[in-house]
Structures are given as structure tokens and as C-alpha cells.
Amino acid sequence: MQSTLVKAAALTLSLIATAASAEGVRTEKNMSLDLATQIAAQTVATCTANGYAVTATVVDRAGTVRAVHRADNAGPHTLEASRLKAYTSASAKNTTLAMMEGAQKNPAAANLVNIPGYLLLGGGVPVKVGNEVIGAVGVGGAPGGHLDEQCAVAGIAKVQDLLK
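Residues numbered from 1 in each chain as written. Predicted model: local features only at pLDDT ≥ 70, side-chain atom pairs only at ≥ 80, totals over all residues. Heavy atoms only, no water.

> So what exactly am I meant to see when it comes to the overall build of the protein here?
In terms of regular secondary structure, the protein is built from five helices and four strands. In sequence order, the secondary structure elements of the protein are arranged as α-α-β-β-α-α-β-β-α. Burial statistics for the protein: of 164 residues in total, 39% are counted as buried. Long-range pairs, those at least 24 residues apart, make up 65% of the contacts in the protein with a sequence separation of at least 6. (Helix = DSSP H or I, 4+ residues; strand = E, 2+ residues; numbered from the N terminus. Buried < 20%, exposed > 50% of the residue type's maximum accessible area, 1.4 Å probe, protein only. Contact = heavy atoms within 4.5 Å.)

> Which parts of the structure should I look at to understand the packing of aromatic side chains?
Any pair of aromatic rings gets described here by the distance separating the centres and the angle formed by the planes. The tally for this structure, following the rule as stated, stands at one aromatic pair. Arranged with centres 6.4 Å apart and planes meeting at 75°, the rings of tyrosine 87 and tyrosine 118 form a pair that is edge-to-face. Highlighted residues: tyrosine 87 in helix α3 (residues 77-92) and tyrosine 118 in the loop between α4 (96-105) and β3 (124-129), separated in sequence by 31 residues. You can call tyrosine 87 partly exposed: its relative accessible area is 27%. (Phe/Tyr/Trp six-rings, centres within 6.5 Å; stacked < 30°, edge-to-face > 60°.)

> Help me understand helix α5 (residues 145-157), please; the structure alone is not making it clear to me.
Residues lying three or four places apart along an α-helix face the same way, a consequence of the helix completing one turn every 3.6 residues. Taking 1.5 Å of rise per residue, the 13 residues of α5 would be expected to cover 18 Å, and the 18 Å separating its terminal C-alpha atoms lies within 8% of that figure. Taken together, the buried positions of α5 are Leu147, Asp148, Glu149, Cys151, Ala152, Gly155 and Ile156. Of the surrounding secondary structure, the elements contacted by the buried residues of α5 are α2 (33-49), α3, α4, β3 and β4 (132-140). (Expected span 1.5 Å × (residues − 1).)

> Which parts of the structure should I look at to understand the packing of α2 against α5?
When two helices pack together, you describe them by how their axes are tilted relative to each other and by the distance separating the axes. Remark: α2 packs on α5, axes separated minimally by 8 Å, with the N-to-C direction vectors making an angle of 130°. On the basis of their axis angle, the class for α2 and α5 is oblique. Of the two possible hands of crossing, α2 and α5 adopt the one that is right-handed. Contacts between α2 and α5 involve Ile39, Gln42, Thr43, Thr46 and Cys47 from the former and Cys151, Ala152, Ala154, Gly155 and Ile156 from the latter. Among the residues making up the contact of α2 with α5, the classes are represented as six nonpolar, four polar and no charged. (Axes fitted to C-alpha atoms, helices over the stretch in contact; angles between N-to-C directions. Parallel < 35°, antiparallel > 145°, perpendicular 65-115°, else oblique. Left-handed = near helix turned anticlockwise from the far one by under 90°. Nonpolar A, V, L, I, M, F, W, Y, C, P; charged D, E, K, R; others polar.)

> Mind showing me how you'd approach the state of the cysteines here?
In protein chemistry, a disulfide is the covalent bond that joins the sulfur atoms of two cysteines. In total, this model carries one disulfide according to the counting rule given. Disulfide partner of cysteine 47: cysteine 151, at an S-S distance of 2.0 Å. Linking cysteine 47 and cysteine 151, the disulfide has an S-S dihedral of approximately 110° and is accordingly described as right-handed. Of this pair, cysteine 47 sits in helix α2 while cysteine 151 sits in helix α5, and the two are 104 residues apart along the sequence. (Disulfide = S-S within 2.5 Å.)

> Is there a simple way to think about the nonpolar core in this case?
Nonpolar side chains tend toward joint burial in soluble globular proteins. Within the largest apolar cluster, 25 residues are counted, with the highest numbers of intra-cluster contacts made by Met31, Ile39, Val137 and Leu163. Elements supplying a minimum of two residues to this core: α2, β1 (55-60), β3, β4 and α5. If you tally residues by element for this core, the top one is α2, at six residues. If sequence neighbours within four positions are ignored, leucine 163 has contacts with Leu35, Val127, Lys128, Val129, Ile134 and Ile156. (Core = buried A, V, L, I, M, F, W, Y, C linked by side-chain atoms within 4.5 Å.)

Structure follows, in C-alpha cells:
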């Protein structure tokens, strides 16, 4: 009888431990290389069609670079600007234009510019599957952050069927 109780207690503890560890495991959607490459290419193509030589950097949900496309004649500064915008957008799960405007209007948000790796200029746009942010695209080189953002939004829209 005592051995049966010990076995039952051990089994119960084992099941509790298994359930607890299962709660600690998460499943996440993330950015594939193919998807990142398509977004970067479509974004640069959109800007090029509008007469802007830009760089588009696509990062995954952790802010790690997955793809970079740099148009002919895009300035060298556009590489780092696009990466920082993508990182900022993925990290904050927001557009960098909205963050910039928020920081300008709200003194409490002004310190966002002091976060290492953040760049609060328009051109960073999160990539979402439903409401889940799986990465972001950052664009640098158009004559205004709002134009960078337009190219990013258009690039994402062209691959929308893959974001399901």
C-alpha cells in the first residue's frame, strides 16, 4: 500500500513538473530569409520607381538583420540608418514615425532617443502576422522619413499573402 502511494505521489509530481515546463515553452512566428529578402526587394523597388535611392533592411522579431537591399546610388549612411530604423520598429512594435511624433509631442517620451540602438526617424515599419510582430523593415534614403515609411508599407503590402 505504501509503495502504491509513493508511486502515485511520484507520478503526480512528475505530471505537475511536466505541465509547469510546458507553460514555459513558447511558439513564435518569425521572419524567414525568403520573406525578408522579398520585403527588402519590394521596398527598394517601390522607392526606386518613385525616384528615391534607398537601402531597406529587414530584421526578425529579435532585431537581428535578415536581409539588406541597397539601391544603386544610395548613400553610404542609408545602410546604418535603415538598420537602426528596423531595429527600433521591431523592438517597440511600432512605426518609427509614430514614435518620433510621440517623442516630439510628449516630453516624457523624449528620452526614447537615448535608448542605445534606437533611431526615431520615419521609415521603420513593423511586419505583422495578425497582431503578432515578426520583424520590421527600415528604409533610409528618401527625401523624408514619411517617404521612407511609404516605401516600407508598400513593400510589406506586396508580400501580404505570405503574412498569414
